[in-house]
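Summary of the model geometry
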Amino acid sequence: MDSVDHNVIERAPAEPHPSFWSEFQGYWARLPEKWLFLTLMAGWLVLFQWVGISSFNFKTTRPSLLEWLYNAWNQPAMDCGHGILIPFVVAALFWVKRRELAASIAGVWWPGLAVVALALLIHILGFLGQQPRISMIALFLGLYGMIGAVWGWRTMWTSTFPMVLFAFCMPLGNVTDKLTLPMRMFSVTLTRLFCHGVLDIDVAQQGTILLDPKGGYEFDVVAACSGIRSFVALLALTTVFAMLSFHSIWRRALMLLATVPLVVVCNIFRLVVVILIAKGYGQAAGAWVHDWFGYVTFLVAIGSMMGMAHWLKEKPSPANT
């Protein structure tokens, strides 16, 4: 018998991992009816570029919903500066789900055009009512329907989560006024109570204003400081992270629900730090911290979410071990 050398293990040479560009080219080459979808999407975008918003009472306003949306993202009062990043996040999620999407393609599915027709009707209502936010819903709903019309209902269903993220593009502005005032009052009241009861610092409150009774500092917690921006941005990040990290619904729901108390706690922490700095170094120093410390608390919120996700980490099933 031939002797076998057990110390020598022959292995087939590992195949090189394809680069992003080569893998993208492979999927693009195999994607059916891509030019049909791109043609429909281009026509849809042209519609919203030239007949996107009504200008019945605004002679200087261009009729482009796309331009209105871009301008809204760049206005601090709209509380949606993160909106410009959402299309890139959606594109990245489509790439993450590329294998699932490729396996779901079944071909043209005509009922998908009914969703496009519904989106067109919604846009007409938004246009006539001079409500660009309604037309914005129609814009993304129409693209969603085109996915189903070109590639089938399974592909449409698979793309639901990435498409839903476009909701975070919505400019908030005065829509959240009724929500931000209670959030401001709640944060200011808890900050005052914490300063009195824990830090033994005398802080007075007048509505949403925190001030030194001796006149050393005064800070008005305006709508932009209510925490609504941090809440929406953190909710968007948490939604993506929870959907990609967990399969169980309760874990996903718990992650999303945790964003509310976490944002409130971080906002109170920020206000307490502002008071401490203002008490020690004056109004100007407190104002500087007031303007910039929000980035620190947002990073703290993200770190807390990552820690919670690690704590909730799903254990592998016995079949996979």
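Here the structure is shown first, and the text comes after it.
Before going into details, it helps to say that this report is about the structure given with it.

Parameters and conventions
- Throughout, residues of each chain are indexed from 1 in the direction in which the sequence is written.
- Per-residue local features of the predicted model are confined to residues with pLDDT of at least 70, and side-chain atom pairs are confined, for both listing and counting, to 80 or more; whole-chain, interface and lining totals are unaffected and use all residues.
- Side-chain numbers come from the whole structure's heavy atoms, not from hydrogens or water.
- Secondary structure is summarised from DSSP: a helix means a run of H or I of at least four residues, a strand means a run of E of at least two, and numbering begins at the N terminus for each.
- The buried label goes to any residue with under 20% of its type's maximum accessible area, the exposed label to any with over 50%, and the partly exposed label to all in between, with areas taken from a 1.4 Å probe on protein chains only.
- All accessible areas in this document rest on Shrake-Rupley with a 1.4 Å probe, and a residue is counted as covered only by the protein chains that are shown.
- We call two residues in contact whenever any of their non-hydrogen atoms come within 4.5 Å of each other.
- A 3.5 Å cut-off defines polar contacts: any pair of N or O atoms within that distance qualifies, except that in protein one atom must be a possible hydrogen donor and the other a possible acceptor, and neighbouring residues in sequence count only when both atoms are side-chain atoms.
- The patch calculation keeps residues exceeding 30% relative accessible area without a salt bridge and links them within 9 Å when they carry like charges or within 5 Å when they are nonpolar (Val, Leu, Ile, Met, Phe, Trp, Tyr).
- Salt bridge, as applied in this entry: a Lys or Arg side-chain nitrogen positioned within 4 Å of an Asp or Glu carboxyl oxygen.
- Any Phe, Tyr or Trp ring, taking Trp's six-membered ring, that has another such ring centre within 6.5 Å forms a pair; planes under 30 degrees apart are called stacked, those over 60 apart edge-to-face, and the others tilted.
- Lysine and arginine charges are scored as sitting over a ring when NZ or CZ, respectively, is within 6 Å of the ring centre and within 35 degrees of the ring normal.

Re the overall build of the protein chain
When helices and strands are tallied, the protein chain shows 13 helices and three strands. The burial tally for the protein chain puts 39% of its 321 residues in the buried class. Taken as a whole, the protein chain presents about 19300 Å² of accessible surface, with 68% of it coming from carbon and sulfur.

Observations regarding the environment of L69
Residue position: L69 is located in helix α3 (residues 65-73). Judged by relative accessible area, L69 falls into the buried class, the value being 5%. Between the C-alpha atoms of L69 and G83, which are 14 residues apart in sequence, the distance is 9.0 Å. Apart from residues lying up to four places away in sequence, L69 is in contact with M136, F140, C169 and P171.

Considering the environment of T39
Mapped onto the secondary structure, T39 falls in helix α2 (residues 34-50). T39 sits in the exposed class, given a relative accessible area of 56%. Polar side-chain contacts of T39 include one of 2.7 Å to the backbone oxygen of W35.

Regarding a nonpolar patch on the surface
A cluster of nonpolar side chains, namely F20, W21, F24, W28 and W35, defines an oily patch on the protein surface of about 610 Å² accessible area. Take the nonpolar patch: its biggest share by element is four residues, from helix α1 (residues 20-30). In this structure, F20 sits in helix α1. Owing to a relative accessible area of 52%, F20 belongs among the exposed residues under this scheme.

Structural notes on the pattern of salt bridges
For the structure shown, the criterion picks out three salt bridges. The salt bridge partner of E23 is R98, with a shortest N-O separation of 3.0 Å. Of this pair, E23 sits in helix α1 while R98 sits in helix α5 (residues 98-104), placing them 75 residues apart in sequence. Take E23: its relative accessible area is 13%, and that puts it in the buried class. Classification of R98 as buried rests on a relative accessible area of 16%. In this structure, a network of salt bridges that share partners links the residues E23, R98 and R99.

Some points on the packing of aromatic side chains
Counted by the stated rule, this structure contains eleven aromatic pairs. Residues F24 and W28 carry aromatic rings whose centres are separated by 6.4 Å and whose planes lie at 15 degrees to one another, so their mutual orientation is stacked. Placement of both F24 and W28 in helix α1 is noted, with a separation of four residues, approximately one turn of the helix. The class for F24 is partly exposed, based on a relative accessible area of 32%. Here the guanidinium or amino end of R30 rests over the ring plane of Y27, the centre of that ring lying 4.8 Å away. Here the guanidinium or amino end of K34 rests over the ring plane of W28, the centre of that ring lying 5.5 Å away.

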